[in-house]
Amino acid sequence: MAFDPNDLMKDRITDIGPPHYEQFFPPVIKENYGKWKYHEILEPGVLVHVSETGAEVYTVRVGGCRLMSVEIIREICDIADKHCEGFVRWTTRNNVEFMVDNKAKLQPLIDDLKGRKFAGGSNKFPIGGTGAGVTNIVHTQGWLHCHTPAIDASGIVKSVLDELYDDFCGMRLPAQVRISLACCLNMCGAVHCSDIAILGVHRKPPFVEHERISKVCEVPLAIAACPTAAIKPSKEGELKTVAVNNDRCMFCGNCYTMCPAMPLANADGDGIALWVGGKVSNSRCAPKFSKLAVPYIPNEPPRWPTTVKTIKKIVDLYASDANRYERIGEWIERIGWEKFFEKAELEFRHEHIDDYRLAMTTWRTTTQFKW
Amino acid sequence: MAFDPNDLMKDRITDIGPPHYEQFFPPVIKENYGKWKYHEILEPGVLVHVSETGAEVYTVRVGGCRLMSVEIIREICDIADKHCEGFVRWTTRNNVEFMVDNKAKLQPLIDDLKGRKFAGGSNKFPIGGTGAGVTNIVHTQGWLHCHTPAIDASGIVKSVLDELYDDFCGMRLPAQVRISLACCLNMCGAVHCSDIAILGVHRKPPFVEHERISKVCEVPLAIAACPTAAIKPSKEGELKTVAVNNDRCMFCGNCYTMCPAMPLANADGDGIALWVGGKVSNSRCAPKFSKLAVPYIPNEPPRWPTTVKTIKKIVDLYASDANRYERIGEWIERIGWEKFFEKAELEFRHEHIDDYRLAMTTWRTTTQFKW
Amino acid sequence: MALKHKTPLLDELEKGRWPSFISDIKQMAEKKPMCEDLLGVMERSYEDKEGHWKHGGIVGVLGYGGGVIGRYCDRPDLFPNVAHFHTLRVNQPASKFYSTEQLRNVCELWERRGSGLTNMHGSTGDVILLGTTTDELEPVFYELTHNLNMDLGGSGSNLRTPSCCMGRARCEWSCLDTQAITYDLTNTFQDELHRPMFPYKFKFKTSGCPNDCVAAIARADCSIIGTWRDNIRIDQEAVRAYAAGEFAPNGNAHGTGATALDIQKEVCDLCPTRCIDWDGKNLKIWDENCTRCMHCINVMPRALRPGEDVGATILCGAKAPILEGAQLSSVIIPFIKMEEPYDEFKEFVEKMWDWWMDLGKNRERLGELIQRLGLREFLKAVELEPDPRMINTPRYNPYIFYDREDVPGGWEIDAVAFRKKHHA
Amino acid sequence: MALKHKTPLLDELEKGRWPSFISDIKQMAEKKPMCEDLLGVMERSYEDKEGHWKHGGIVGVLGYGGGVIGRYCDRPDLFPNVAHFHTLRVNQPASKFYSTEQLRNVCELWERRGSGLTNMHGSTGDVILLGTTTDELEPVFYELTHNLNMDLGGSGSNLRTPSCCMGRARCEWSCLDTQAITYDLTNTFQDELHRPMFPYKFKFKTSGCPNDCVAAIARADCSIIGTWRDNIRIDQEAVRAYAAGEFAPNGNAHGTGATALDIQKEVCDLCPTRCIDWDGKNLKIWDENCTRCMHCINVMPRALRPGEDVGATILCGAKAPILEGAQLSSVIIPFIKMEEPYDEFKEFVEKMWDWWMDLGKNRERLGELIQRLGLREFLKAVELEPDPRMINTPRYNPYIFYDREDVPGGWEIDAVAFRKKHHA
Ligand code: SRM
Ligand code: SRM
Ligand code: SRM
Ligand code: SRM
Ligand code: SF4
Ligand code: SF4
Ligand code: SF4
Ligand code: SF4
Ligand code: SF4
Ligand code: SF4
Ligand code: SF4
Ligand code: SF4
């Protein structure tokens, strides 16, 4: 029974949901499900988990660019068939994990992975992303697929990870460093709670295409979309349209999300804001939001040097200044933000001072601060 | 030149400001101004300050009810003339301080103070209010003078301090306990940052006197006065008046402050809310607001037994459970609010959960809590 | 072989050690004109520093309100092969284990009917099939459901594809069957996932323990996080072994190898509640003060384990900034057992959704609605009693909405009697 | 002697050890009918649990917009002697030292022309002369200014009476001449204090050090708090003496007397920045990490003293809840020298007031205006550069108002050029 374009309802199947996960567990995982006793990282990117049954599973984690062609996926399958009984998994941060159930199988797998390079010369399967290092950068679509980005995604991630490559393949840092990128304020991904967040920002208010707007948008939705109520109904001659109060606009782009006739992307306006000190785990301290470190860096394709340099500097400063187990946010709170800006040689500007709804809760209501 | 009611401008004197403080300094204070080296509390209520010059000043602090007749003030003057070269001072918490410049003068002063009692039998000059104890309760007017109170002030303070008398005259507590009272939400006094705050609350919305309102109030001001926008203009027949949306009213009384035709005081509605854990000093941790402990206790004149009992219980629990130097708020944050409510045997109710503008910042955004 | 468009800027991204997505796309471009033009669009964006995609409009598969993100190029004149470049979100298997057979089938299908490019995985967790034309959407869906036993994930004002950490599959700390929960919820709520009925998107994420490896607390309207109610299990022998340097601290996360662990400094002093005592021989944990943060367990995985009376803490409201600012999830159910068929939890979910669908405005996330109407109203709706574990601190403002029922005479004041007592 | 009204309820408040204000009022009542009726009103309130005072209306002294709080009884029929019961606020001498002569003069005047009852002192700091009739207001004012060299304090939308801690008069820690500052500001701003020109009330409070004994940070629109920029002065001998138990820790605030102080536990471990090392012989303070919280100094007053490069931290915005919720003051000037004639500080004050008078709504406190328009606008108005010491944490929401000047081409986007590049 093949697909019939003229009768979509013909034995149509819907709502079956995802395939059951268990069929994809390698045997050692299925047999030891819920029985794991402890784990150890043998070397960066290589983990062993030991079961109450005495069974062991060795995991080799490799960094993937999460944009993957079927070609590279097939190559991953070849490797999994060769070494891993035909199973493989992806992590929550888009790394790939190859698992073997016996130490003897480990080195051949590692050697195989290390050997593989792209035509352009980059490694296909860098091993790492474990423990107190930098792991894969969670990111979004950027110029590759989305319509609202202020920056690219994959290209910036590639540039940053080339620079931090040794920290992906090593574990010299005081604790994990989780870097995320979102190409607009919609923040697809947990960038608002990352050790370091790379965020695409606009800096010009949307312009309104009066002739188009009533045709292509539901004007009331566009108006309601504005968090700062900067958009008001108005008229251009006979045309029902909207007017933007530029002084109230903070460039979130939500109006454009709702209405294609209000574009705000612009080469001169758009760029990157860097945020630091967020975390998600409940380990030691509660989860934290990332806070603004650098309000704006221009888009610098193809390699975004300023962004890369700034991130590298923050990571190195953290590496040398923080105590073991201290995430970036815990470290900064211990030394104080005034010291962070001083040591990181970052300018403190009015943009750093919150002025949104909860702003008052970020002001310093004590005489305690450092010189 | 005497006062002439018919010519107020006759040699009128204005804007001279307060008398200069220095003329009221006892000699030892004037001579050692800015030269003090250290201090010590010899016994509760008795301090010595030692100067770089070697001079010493001995201070005896006594609790006063801050409502004072000229009779008692004159008695204070008699004591000051007898022992203190005719000088005396009041503290920022309404205690009275008698100072002598030499140890020999100390005991006679103390004995004199201890001997004095009111006709009714209460002590006129309890010695204490220093160090890790309870000091005088900062309070406001209550039923004695103000027009917006939900509770009395002086009577509650008297009842509470009778119960905590030994802690005023002692220093057994882990740190200072600063108790304040305000008879309505205007909170005259720093009650919003007190270790324990006694606050007068209303629980019935104002009723509107439609016939009076436009005569006695500026209606727009009354409307603007409402933090929750519960008041809207309306009409009763021909009368311009306002309507209160009772569901949006949180009984702050600000409308009544602006408009006498919107009374909300009521014997059944009014009563006391207790707040704990505030502090002002920057010592160790930043200043803190007081948080709601008991949403409502009825007015129980003349001795407010439930309020007194509840405060006593919290103070005793704190005394037995906190570490030295821990203010009440520091102690509660260490053990966690869930433990505080459990140990203090206080019911946790919906009233404890913030629902005003910054409410979101008070929610628990972590899996960390205690059982 | 020479590609259709020169890409000098993108070529810079083939350099360096980290895997190059450009190199990868180029492999495809040799077979797929769509990928050739995609490189062209990207190069163009790199030149003028602006994206070249337009809004999606409504494309999708029959009967579903989500699962497809429409996308059109704003220069079809120059890049005709990506004039349409729609995306399908395919619901991943829980915790993302795959057989190579399954993956090869996906590849075969997607090379034939799409760009051959994917995201493994999208931020929500789906397998993203990146880029195809409108006419391919139905055939792809047909083959997914008939031949690959797969279905679409969520988009739009739907339930979004639930996801989870690997949990018990390969982690010793999981207090939950994260996959089982995710699989059950996904299938129980297929209708909500495929047909828009909500004010806005809604996300479930499940982590097996408070380490929260799927970032549930930051990204899910309903975060399900494993925890326990009893005591941390201690193997004193192993603790001493850590002190003696027989094991690598923190599962060797610092690459130190087996080396003596300063338990006082690295464990006791970093415990947020300082509820651990170490006398050099025995470790004593005062569990009544433990907030189950995982730190000590993380540092000594061979000596400490979560308790055995396990379940979940349910937190709600996390979201990205748009509209009212980013939120983390807040504790709503401090502890709930999570055992199939999860009836108690599902009843909670139904009450939560009813309230949200009833009162939520268009594009108002659950967390924003709770902000607008107050946690108290939400608790009433889901029939839960207030608990101090839901808050960091009680209110400090005195603007209390007292209950009418608690006030003798309710909200009435007898005006006449009042003025008898109090002359105006 | 029998009083006019029976007061069985109030009589209960004569019992107990704490001084009884009722007993005190009764002393006066024997001479003053006003106090007899006051007891009557109070007893009445104790019976029906409601106050019996009405709004004030405008009473005052000629040419002043404040200093008097009008008060009328709502049952003049029953308590004619308190039908009027107005209050005068008399500006206290800074830090509230008095000569008995001055006090006796006040008493004489107030017994003759008022109720003979006072508050020593009001929460803001004034001497409160509690209760008199309208016709006595001018005579009292006349005698205050002519015979007692005293003036009225603030009320209404004025500057309120500034107050301060005792500072250098009797405290070893004061970094400021708190009285001198208070006296100077009070006299410099007499016009603002006596004549309403502000949107609402405005308060200055000055504490000599971060212990903040006048609660400035919680109660003053402008809080002036002493601090220092150099190092804490250490007398190592004395530190060792504390360790050895020769002195009473914390100035004997715990009544322990001289007893060995566990410096590690009670000082180092409680230092908020853990910037103190104690090796049993010497105390090392890493001043660059000290936040000058005062704790170590408080615990060892004979060994540690604030530095010598002293000045003030200026914080703004504290207030009670009405209208927008209570606020603590926030750091605006991290450090400023405070030396007569305080020109730099006064210029700051003028800029602050101009901005507030210009933009503040009726009954909007300075702190609320800063909330409404943002700290950034306030800093611009007072011409101060942003400093991380002004905040606990930088913003975490991405809603940034970038400066137009920083953006090439400002806020303009060339629509035509845009659509050339991006076809609709
Ligand atoms: C594989 C993965 C789960 C999955 O289902 O895919 C995973 C696996 C493990 N995590 Fe995780 N974590 C994974 C994402 C996360 C995330 C989510 C994220 O980063 O987006 C977090 C929260 C991060 C944050 O707080 O911002 C996370 C916070 C932790 C922590 C807490 C770290 C801390 O102290 O804050 C631990 C405990 C530890 O490492 O000591 C942990 C520990 C572990 C352990 C040791 C659990 C175990 O016993 O196996 C696993 C190996 C750790 C390692 O790689 O060093 N895992 N872990 C995820 C790997 C992502 C990757 O490819 O890099
Ligand atoms: C007399 C007075 C100042 C004045 O100008 O009147 C004063 C005097 C002293 N204070 Fe104070 N404080 C006075 C109100 C305050 C206030 C304001 C208030 O309570 O409304 C505070 C802030 C309270 C708060 O944080 O909520 C205050 C917080 C302190 C602290 C910090 C305590 C802490 O650790 O939080 C110290 C340091 C200490 O006691 O160790 C201190 C220390 C002192 C010292 C030791 C200063 C000195 O060297 O002389 C004085 C004697 C302390 C004592 O009485 O035990 N004083 N002190 C005030 C007496 C009020 C009273 O009658 O009880
Ligand atoms: C594909 C994906 C990013 C990625 O590269 O992985 C994505 C892509 C888009 N997201 Fe997202 N979001 C994706 C995960 C997220 C996440 C992360 C998550 O789910 O864990 C978030 C933050 C968490 C949250 O839900 O708040 C997220 C928060 C948003 C928002 C802001 C929603 C909010 O309430 O703040 C929008 C704006 C909107 O909904 O209109 C949005 C909107 C969009 C749209 C549909 C653009 C739009 O305005 O219509 C993007 C389509 C891009 C494209 O052309 O493909 N996306 N989006 C992720 C979905 C893949 C998948 O299904 O696995
Ligand atoms: C007398 C005094 C209470 C006391 O018993 O000591 C007092 C009494 C009144 N205050 Fe107050 N306030 C007094 C210090 C305060 C303080 C404390 C302070 O100044 O340190 C505060 C809190 C700090 C602040 O300013 O925010 C305070 C916050 C208020 C408020 C709320 C203002 C706000 O912005 O939240 C009001 C309501 C208003 O202004 O309409 C208010 C209003 C009033 C009125 C005038 C009642 C009214 O609504 O008009 C009270 C007159 C009572 C009477 O009949 O005598 N009073 N008031 C204090 C002044 C005595 C003095 O001059 O020394
Ligand atoms: S972050 Fe913004 S631009 Fe990037 S994928 Fe999400 S919605 Fe699109
Ligand atoms: S970009 Fe954001 S702030 Fe600006 S107008 Fe649009 S919705 Fe409003
Ligand atoms: S707190 Fe309220 S009732 Fe009490 S004095 Fe102040 S304004 Fe009057
Ligand atoms: S009492 Fe407060 S909340 Fe209620 S109507 Fe009056 S102003 Fe509004
Ligand atoms: S969240 Fe907990 S259970 Fe899940 S993988 Fe991470 S550590 Fe293991
Ligand atoms: S889990 Fe966290 S809180 Fe509990 S004992 Fe361990 S470190 Fe302390
Ligand atoms: S604030 Fe400081 S200087 Fe003033 S009295 Fe208190 S401790 Fe002394
Ligand atoms: S003043 Fe406070 S911060 Fe500074 S060293 Fe002493 S205790 Fe530490």
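Each value, and the rule that gives it
- Residues numbered from 1 in each chain as written.
- Chains lettered and ligands numbered in written order.
- Predicted model: local features only at pLDDT ≥ 70, side-chain atom pairs only at ≥ 80, totals over all residues.
- Heavy atoms only, no water.
- Helix = DSSP H or I, 4+ residues; strand = E, 2+ residues; numbered from the N terminus.
- Buried < 20%, exposed > 50% of the residue type's maximum accessible area, 1.4 Å probe, protein only.
- Contact = heavy atoms within 4.5 Å.
- Lys, Arg positive; Asp, Glu negative; His and termini not counted.
- Charge placed at Lys NZ, Arg CZ, Asp CG, Glu CD.
- Areas by Shrake-Rupley, 256 points an atom, 1.4 Å probe, with all protein chains shown as cover.
- Axes fitted to C-alpha atoms, helices over the stretch in contact; angles between N-to-C directions.
- Parallel < 35°, antiparallel > 145°, perpendicular 65-115°, else oblique.
- Left-handed = near helix turned anticlockwise from the far one by under 90°.
- Nonpolar A, V, L, I, M, F, W, Y, C, P; charged D, E, K, R; others polar.
- Near = heavy atom within 4 Å.
- Polar contact = N/O pair within 3.5 Å; in protein donor to acceptor, adjacent residues only side chain to side chain.
- Buried area = accessible area lost by both parts, 1.4 Å probe.
- Salt bridge = Lys/Arg side-chain N within 4 Å of Asp/Glu carboxyl O.
- Pairing = 2+ DSSP bridges.
- pLDDT = per-residue confidence, 0-100.
- Core = buried A, V, L, I, M, F, W, Y, C linked by side-chain atoms within 4.5 Å.
- Disulfide = S-S within 2.5 Å.
- Expected span 1.5 Å × (residues − 1).

So, about the overall build of chain C. Assigned secondary structure in chain C consists of 15 helices and 16 strands. Summarising its shape, the C-alpha atoms of chain C cover approximately 90 × 75 × 45 Å along the three principal directions. When the 424 residues of chain C are sorted by exposure, 69% land in the buried category. Once local pairs closer than 6 in sequence are excluded, the contacts in chain C between residues at least 24 apart make up 63%. Mean positive and mean negative side-chain charge positions of chain C (51 and 62 charges, respectively) differ by 4 Å.

Scanning chain A for helices and strands turns up eleven helices and twelve strands. Each of the three principal axes of chain A carries a C-alpha extent, and together these read 75 × 75 × 40 Å. Within chain A, the proportion of its 371 residues that are buried is 68%. Within chain A, contacts between residues separated by at least 24 positions form 64% of all contacts whose residues are at least 6 apart in sequence. By element, 51% of the accessible surface of chain A is carried by carbon and sulfur atoms, the whole surface being about 11,600 Å². Of the charged side chains in chain A, 45 are positive and 46 negative; the average position of the first set lies 3 Å away from that of the second.

Direction vectors running N to C along helix H2 (residues 70-83) of chain B and helix H4 (residues 100-113) of chain D enclose 160°, while the axes themselves pass 10 Å from each other. If you check the angle between H2 of chain B and H4 of chain D, you find them roughly antiparallel. In the packing of H2 of chain B onto H4 of chain D, the handedness of the crossing is left-handed. Here Val70, Glu71, Ile73, Arg74, Cys77, Asp78, Ala80 and Asp81 of chain B of H2 of chain B come into contact with H4 of chain D, specifically with Thr100, Leu103, Arg104, Cys107, Glu108, Trp110 and Glu111 of chain D. Looking at the contact of H2 of chain B with H4 of chain D, its residues break down into seven nonpolar, one polar and seven charged.

Right, let's get into the site of ligand 4. Around ligand 4 sit 30 residues, and of these Arg66, His145 and Cys188 of chain B together with Asp126 and Lys203 of chain D come closest. Bordering ligand 4 are residues originating from chains B and D. For ligand 4, an oxygen atom lies 3.4 Å from a polar atom in the backbone of Gly122 of chain D. Lys201 of chain D places a polar side-chain atom, nitrogen or oxygen, 2.8 Å from an oxygen atom of ligand 4.

The next subject is the interface of chain C and chain A. Opposite the 133 residues of chain C that make contact, chain A presents 131 residues. Of all residues in chain C, Arg17, Trp18 and Arg170 of chain C give up the largest surface area on contact with chain A, accounting jointly for 9% of the area buried on that side. Along the contact surface separating chain C from chain A lie eleven salt bridges. In this structure, the salt-bridge partner of Glu97 of chain A is Arg170 of chain C, at a minimum N-O distance of 2.6 Å. In terms of residue count, the dominant contributor to the side of chain C that touches chain A is helix H4 (residues 100-113) of chain C (eight residues). Residues of the side of chain C that touches chain A, tallied by class, amount to 59 nonpolar, 43 polar and 31 charged. Of the strand pairs in this sheet, strand E4 (residues 67-69) of chain A and strand E6 (residues 117-120) of chain C are connected by three bridges, and their pairing is antiparallel. Across the sheet, residue Leu67 of chain A finds its bridge partner in E6 of chain C, namely Asn119 of chain C.

Averaged over every residue, the pLDDT of chain C is 97; the share at 70 or more is 100%. Model confidence for the complex is summarised by a pTM of 0.97, with the ipTM given as 0.97.

Moving on, we come to the pairing of strand E3 (residues 56-63) of chain B. Both faces of the sheet carry side chains from a regular strand, because those side chains alternate between them. Residues and elements named next belong to chain B. A large share of E3 lies buried, amounting to seven of its eight residues. Across five bridges, the pairing between strand E2 (residues 46-51) and E3 is antiparallel. For Val48, the partnering residue across the bridge sits in E3 and is Tyr58. From the end of E2 to the start of E3, which pair antiparallel, there are four residues, and Gly54 there has a positive phi angle of about 95°. Relative to strand E6 (residues 95-100), E3 runs antiparallel, the two sharing six bridges. Bridging from a neighbouring strand, Gly63 pairs with Asn95 of E6.

A word on the nonpolar core. Formed by 384 residues in total, the largest nonpolar core has its most connected members in Phe345 of chain C together with Phe345 of chain D. Each residue touching Phe345 of chain C, except ones within four places of it in the same chain, is listed here: Leu185, Phe204, Cys222, Ile224, Ile314, Ile336 and Met338 of chain C. Core analysis: the next-biggest nonpolar cluster, separate from the first, contains 37 residues, Met187, Ala230 and Cys252 of chain A together with Tyr399 of chain D among them.

Time to look at the pattern of salt bridges. Residues and elements named next belong to chain A. Considering all chains together, one arrives at 130 salt bridges over all chains under this definition. Ionic pairing is found between Glu345 and Lys313, a salt bridge with its closest N-O pair at 2.4 Å. Here Glu345 is found in the segment after helix H11 (337-343), whereas its partner Lys313 is found in helix H9 (residues 305-321), with 32 residues between them in sequence. Using a relative accessible area of 36% as the deciding quantity, one classes Lys313 as partly exposed.

In the structure shown here, the tally under the stated rule is two disulfides over all chains. For Cys217 of chain A, the disulfide goes to Cys259 of chain A, at an S-S distance of 2.1 Å. Between Cys217 of chain A and Cys259 of chain A, the disulfide has an S-S torsion of 65° and is therefore right-handed. Remark: Cys259 of chain A occurs in the loop between helix H8 (254-258) and strand E11 (271-276) and Cys217 of chain A occurs in the loop between helix H6 (210-216) and helix H7 (219-224); sequence separation between them is 42 residues. The exposure class assigned to Cys217 of chain A is buried, which follows from its relative accessible area of 8%. A residue is classified by how much of its surface remains accessible, and Cys259 of chain A, at 0% relative accessible area, is buried. With no disulfide of its own, Cys35 of chain D has Cys107 of chain D as its nearest cysteine by sulfur position, at a separation of 13 Å. A residue is classified by how much of its surface remains accessible, and Cys35 of chain D, at 0% relative accessible area, is buried.

Attention now moves to helix H12 (residues 343-359) of chain C. Look at H12 of chain C: 24 Å from first C-alpha to last across 17 residues, which is about the 24 Å you get at 1.5 Å a residue. Inspection of H12 of chain C places Phe345, Lys346, Phe348, Val349, Met352, Trp353, Trp355 and Trp356 of chain C among the buried residues, and these make up the whole buried set.

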